[in-house]
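Now for the letters of each chain:
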Amino acid sequence: MMKFIKRFYLSIILLFLYVPIVVLIVQSFNAGKSRAKWEGFSFRWYQELFNDPAIMQALYVTISIAILAAIVSTILGTLAAIGIHAMQKRPQSLMMTLTNIPMTMPDIVTGISLMLLFIFTKVERGYWTMLLAHITFDTPYVILSVLPKLKQMNKHSYEAALDLGATPTYALFHVILPEIMPGVITGAMLAFTLSLDDFTISYFTTSPLVQNLSTLIYSQARKGIKPTMNALSALMFMALLLLLLVVNRRSSKTEVKN
Amino acid sequence: MSNLQVPAWGTWVMLVGFVAFIVLLVIYFKRNHGLKRPIFSSPYTLWIIVFTIVPCLLIAYYAFTDVNGAFTLDNFKNFWDSNYDMNKELIAMGFNPADMGFARGTVNVDTLGYSLWMAFLCTVICLVLGYPTAHIMAERDFKLGPTLVVLFVIPMWMNFLLRTIAWMSLLEDNGLINGLLEWLGIGKVQLMYNSGAVLLGMVYNYLPFMVFPIYNVLNKMDYKLSEAAMDLGCDKWKTFYKVTLPLSLPGVVSGITMVFMPAVTTFFIPRMLGGGNTEMFGDLIERTFLTANNWNVGSALSMIMMVLILLSLGLLRKVDPEGEGGSMI
Amino acid sequence: MKKLSLVLALCLVLSACVFPASAEEVVNIYNWYDYMDESIFEDFYKETGIKVNCMYFTTNEDMMVQVRVSPGAYDVVFPSEYCVERMIKEDLLAEINMENVPNAQYIDPSLLGGAHDPENKYSIPFMWGTVGILYDTTKVTAEEVSSWGILWDEKYADQIFMMDSIRDTMGLTLKYLGYSMNTRDPLQLKEATDKLIAQKPLVKAYQVDETKDKMVNGEAALAVVWSGDALYAMDLNENLDYSVPQEGSNVWVDAVVIPKTAKNKENAEKFIDFLCRPDIAQRNCEYIWYSSPNTGAIELMGEDYTENLAINPSQDIIDRCEWFQDIPENYMTVYNALWSQVKNAK
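Residues numbered from 1 in each chain as written. Chains lettered and ligands numbered in written order. Predicted model: local features only at pLDDT ≥ 70, side-chain atom pairs only at ≥ 80, totals over all residues.

Peer 1: Honestly, the overall build of chain B in this entry has me stumped. Any pointers?
Peer 2: The helix and strand inventory of chain B stands at 14 helices and zero strands. Shown N-terminal to C-terminal, the secondary structure of chain B runs as helices and strands in the order α-α-α-α-α-α-α-α-α-α-α-α-α-α. Contacts in chain B between residues far apart in sequence, at least 24 positions, make up 69% of those at least 6 positions apart. (Helix = DSSP H or I, 4+ residues; strand = E, 2+ residues; numbered from the N terminus. Contact = placed C-beta atoms within 7 Å.)

Now the structure itself:
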């Protein structure tokens, strides 16, 4: 009985999470333009999607920024984590506080403060400023996912490697990095996800010339979202589901093998 | 726009700061005869100075200056009394604001209070819904835990604006839920255009941020502890109350942080689901900057928000000094 | 390591795709979302070899902030007339060389020479329209909507959509009270504010562009809208109708302007000339349902256009309407503070 109640509870929560997404996908098959009226089943919006240069451009911007920001912030964050880990207590806690600032600052304040920075220094806002902003809010998450792995590591292996004649770079790549790899990968994934879904910070740090999906949707939101957007998210949803299923399959297979 | 000119000293400060950083770096190298590990974090240090500290200082600069760049506290007075600037103009025009019935305007303070209240409610609901969820997911004989984590993450990959708009289709007077109610013979209920709908949208968006940290902590917890408690004669509830709950507190604390803080500055959701009838602090900041075009007052509002969040963070640190809960990782 | 460099290379290629090496001629336009038939861009490219990049804004106020802080980003912008006035005052606009825009001859002279641009040096009208009430004929009679007063009628509690736009909403309230929409008398503004706060319990939502779809769906009985949105909704739901109340309303013109900082001024002028060409103006008009200032286009559309009272309002409707004028900064402070009170009244 208890088990049933628990399962039931979980299903209700999942239903709550997925109902809007189902609605979104169903709407993408509506033949009419209006969100309100069902005018029959059609693939019309899927065809229009690939002919819509604004959406395709925004998709490019979104994905390329997410990948670039994830790479840069992973490198920056991993190095920083290694450095912070080796610090004395005082500078270490100072660095941790600094790292916490962008994480705890409200998105809207981060976005506005960066906008002020770019306007103040007369840097034209656009693709690169958006990338810089994304790296800025991604990096702390990378640091926080790498640090625990460093704590688990043997303290002396790096020094031992240096004593045995390894250069710092060699020791970094062959001693430290392999140990903390899981943390680095989690950090990179997290950075990618955050960057993909960000709206507020992008909204303030880009010019209308360079739109990512979120800012494009925002500019459309007031006039009524075209179902092409729904079609795009339905496709992204399917792709993701497929990817996760494949990953899950493979990992469960390896588990069985082991 | 006159208040966006770079003051000459601004450029100099940035230049001097950069040079000082390089000099410090060189001194450090000389002293330590080469590459020590802490130096790995120097690129990040530079990054955080340029893209976090300088922007924060800029906000402070605008918050404490007027349109002409002179020092003033008027922007904060405007927060306390939203009619402050207006009354000043009215007096300059030869009117007496008091005669016209313009006392202190409480709009900004009220909006902040309302946002804090909404964020508080949202956090409580997320906790009440999220804790049992995380607890069930982390149970030892429940094999689907990791799968469920994935299922919780997927909605977050869908665009947050689109998800909110999808809720609109559900909650409208002629939306799907009301269609269902009517079909059942219950009749229509107005679900949207009120604070309840805004709260629903917020809970929907922030629930995963409550579930993950609690799940992580519970999942890593040594189950032998609760088994031992059971063996020693505690019943189920007592075990939970005495063992599981205290051990999961760090997760709860970081969950609360991760829900409450973004929730205070929610924007877009009140406009879409609440019908724009009541603003939240995020909307207010955005409107002040981008529609009313008042960068100085906007900066003051942002600063107040920032200080408030840092204060509440300090308070939480007291409860969870080690930051054990970590983030959602 | 190999994998990493592969990923890096991939990213470089990807980012290169985002920035197509452009030696190409372009024109960057900054417009309201869904305010133009975008298939004309292709024709423009075929005729001139100039590529159109389109960006969108949502309100006049947002647009002005962006034009100020992103110099050089935009070549053609579409502000409403009161913003044209403000932008001229702030020295943000370039004079349009009318010799490069011969098709401007088609513009209805009655829309030229307004107070916002008396010498027609900086702007050319693009579309115009009115503000009025879109109503559900099954719930409301035509007689009732002949006055703004219906928006304060308790019979329609929770059936009213107001416009989340400071000038429009304050303006119609001032009109209802018998004042000018451009009033600078704080006492009149205060009266209008109190009126709007008293109305708040009856209002379902304050919004702008969401209204049209919601009205099609029958979410409310009454909504304050711009004429083009009304026509869009009436086309999709035959129970809807549009009325400009007797007390009078706002008549507005959205114009085409070139910012002073524009990088492609010649292309901008070519594009504006293209927009003024009757066949193109006709396509735009038939796509977005606002009133066209282009006499050539109106001739091409014939009776479809002239017989439609909502898109082509009669002279007596226009006569009772008023144009917005720019409100100076110090009075705008008063407006903003009062608007804040309305938005946050419980």
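Peer 1: What exactly am I supposed to notice about the overall build of chain A here?
Peer 2: The secondary structure content of chain A amounts to 11 helices and zero strands. For chain A, whose C-alpha radius of gyration is 23 Å, the value lies well above the compact-globule estimate of 18 Å for 258 residues. Here chain A, with 258 residues, has 46% of them falling under the buried criterion. Contacts in chain A between residues far apart in sequence, at least 24 positions, make up 79% of those at least 6 positions apart. (Rg over C-alpha atoms; globule rule 2.2 N^0.38 Å. Buried ≥ 20, exposed ≤ 12 C-beta atoms within 10 Å, placed from the backbone.)

Peer 1: I would appreciate a short explanation of helix H6 (residues 127–152) of chain A in the present structure.
Peer 2: In an α-helix, one turn spans 3.6 residues; hence positions three or four apart end up facing the same way. With 26 residues, H6(A) should reach 38 Å at 1.5 Å per residue; the first-to-last C-alpha distance of 38 Å fits that figure. The element H6(A) is extensively covered by neighbouring structure, given that 19 of its 26 residues are classed as buried. (Expected span 1.5 Å × (residues − 1).)

Peer 1: I tried to follow the domain arrangement of chain B on my own but got confused; where do I start?
Peer 2: Residue and element names in this part refer to chain B. In terms of domain boundaries, chain B breaks down into domain 1 (2–72) and domain 2 (107–319). Each side of the interface is counted separately: domain 1 has eight residues, and domain 2 has six residues. Of the residues in the side of domain 1 that touches domain 2, the class split is five nonpolar, two polar and one charged. (Domains from an automatic or database assignment. Nonpolar A, V, L, I, M, F, W, Y, C, P; charged D, E, K, R; others polar.)

Peer 1: Honestly, unusual backbone geometry in this entry has me stumped. Any pointers?
Peer 2: Trans is the prevailing form of peptide bonds, just as negative phi is the prevailing case for residues other than glycine. Residue and element names in this part refer to chain B. A positive phi angle is found at Tyr 193, which is not glycine, with a value near 65°. For Tyr 193, the location among the structural elements is in the loop between helix H8 (176–183) and helix H9 (195–220). Residue Tyr 193 is classed as buried on the basis of its C-beta count, with 25 C-beta atoms lying within 10 Å.

Peer 1: Is there a simple way to explain the confidence of the model for chain B in this structure?
Peer 2: Note that predicted coordinates carrying low pLDDT should not be read in detail. Residues and elements named next belong to chain B. Averaged over every residue, the pLDDT of chain B is 83; the share at 70 or more is 90%. Element-level pLDDT for chain B is lowest in helix H1 (residues 8–32), with a mean of 70, against a maximum mean of 93 in helix H5 (residues 107–138). In the predicted structure, residues 324–329 sits below a pLDDT of 50 and forms 21 contacts with residues beyond four places in sequence or in another chain. Overall fold confidence for the complex sits at a pTM of 0.85, while the interface term, ipTM, reaches 0.83. (pLDDT = per-residue confidence, 0-100.)

Peer 1: I tried to follow the interface of chain A and chain B on my own but got confused; where do I start?
Peer 2: The accessible area lost on association of the parts is a frequent measure of interface size. Each partner contributes residues to the interface: chain A has 64 residues there, and chain B has 61 residues. If you list the elements that add at least two residues to the side of chain A that touches chain B, you get helix H1 (2–27), helix H3 (53–85), helix H4 (89–104), helix H5 (107–120), H6, helix H8 (168–197), helix H10 (213–221) and helix H11 (227–257) of chain A. The residue makeup of the side of chain A that touches chain B, split by class, is 48 nonpolar, 11 polar and five charged.

Peer 1: What's the story with the pairing of strand S4 (residues 123–136) of chain C in this structure? I'm lost.
Peer 2: Taken residue by residue, a regular strand's side chains alternate between the two faces of the sheet. All names here are of chain C. Judged by how many residues are buried, S4 sits mostly within the fold: 13 of 14 residues are covered. With five bridges joining them, S4 and strand S7 (residues 222–226) adopt antiparallel strand pairing. Opposite Gly 132, over in S7, you have Val 225 as the bridge partner. (Pairing = 2+ DSSP bridges.)

Peer 1: Sorry, what's going on with the nonpolar core here?
Peer 2: Counting 250 residues, the largest nonpolar core has Tyr206(B), Val259(B), Val76(C), Leu134(C), Leu222(C) and Ile272(C) as the members making the most contacts within it. Discounting residues that sit within four places of it in the chain, Ile272(C) has contacts with Val76(C), Ile96(C), Val101(C), Ile124(C) and Val256(C). (Core = buried A, V, L, I, M, F, W, Y, C linked by C-beta atoms within 7 Å.)

Peer 1: Hey, could you run me through the environment of Ala134(B) in this one?
Peer 2: All names here are of chain B. Mapped onto the secondary structure, Ala 134 falls in helix H5. For the pair formed by Ala 134 and Tyr 215, sequence separation is 81 residues and the distance between their alpha carbons is 4.6 Å. Excluding anything up to four places from it in sequence, Ala 134 contacts Val 211, Ile 214, Tyr 215 and Leu 218.

Peer 1: Would you explain the packing of helix H10 (residues 223–231) of chain B against helix H11 (residues 236–264) of chain B in this entry?
Peer 2: When two helices pack together, you describe them by how their axes are tilted relative to each other and by the distance separating the axes. All names here are of chain B. Viewed as axis vectors pointing N to C, H10 and H11 meet at an angle of 145°, and their least axial separation amounts to 10 Å. Handedness of the crossing formed by H10 with H11: right-handed. Where H10 approaches H11, its residues Leu 225, Ser 226, Ala 229 and Met 230 are matched on the opposing element by Thr 239, Lys 242, Val 243 and Thr 244. Residue composition of the contact of H10 with H11, by class: four nonpolar, three polar and one charged. (Axes fitted to C-alpha atoms, helices over the stretch in contact; angles between N-to-C directions. Left-handed = near helix turned anticlockwise from the far one by under 90°.)

Peer 1: Would you mind showing me how to read helix H8 (residues 227–236) of chain C here?
Peer 2: Residues and elements named next belong to chain C. Burial of H8 is extensive: eight of the 10 residues sit out of reach of the surface. Turning to H8, its buried residues number three or more, namely Ser 227, Gly 228, Asp 229, Ala 230, Leu 231, Tyr 232, Ala 233 and Met 234. Here the buried face of H8 lies against S4, helix H7 (211–216), S7, strand S8 (240–243) and helix H10 (278–288).

Peer 1: How should the environment of Asn31(C) be read in this particular structure?
Peer 2: All names here are of chain C. Structurally, the position occupied by Asn 31 is in strand S1 (residues 25–32). Asn 31 sits in the buried class, given 20 other C-beta atoms within 10 Å. Along the sequence, Asn 31 and Thr 58 sit 27 residues apart, while their C-alpha atoms lie 8.6 Å from each other. Excluding residues that lie within four positions of it along the chain, Asn 31 makes contacts with Met 36, Cys 54, Tyr 56 and Phe 78.

Peer 1: Help me understand the packing of H3(A) against H6(A) in this model?
Peer 2: Residue and element names in this part refer to chain A. For the pair H3 and H6, interaxial distance at closest approach is 6 Å and the crossing angle is 45°. Looking at the two axes, H3 sits oblique to H6. The element H3 and its partner H6 pack so that their crossing is right-handed. (Parallel < 35°, antiparallel > 145°, perpendicular 65-115°, else oblique.)

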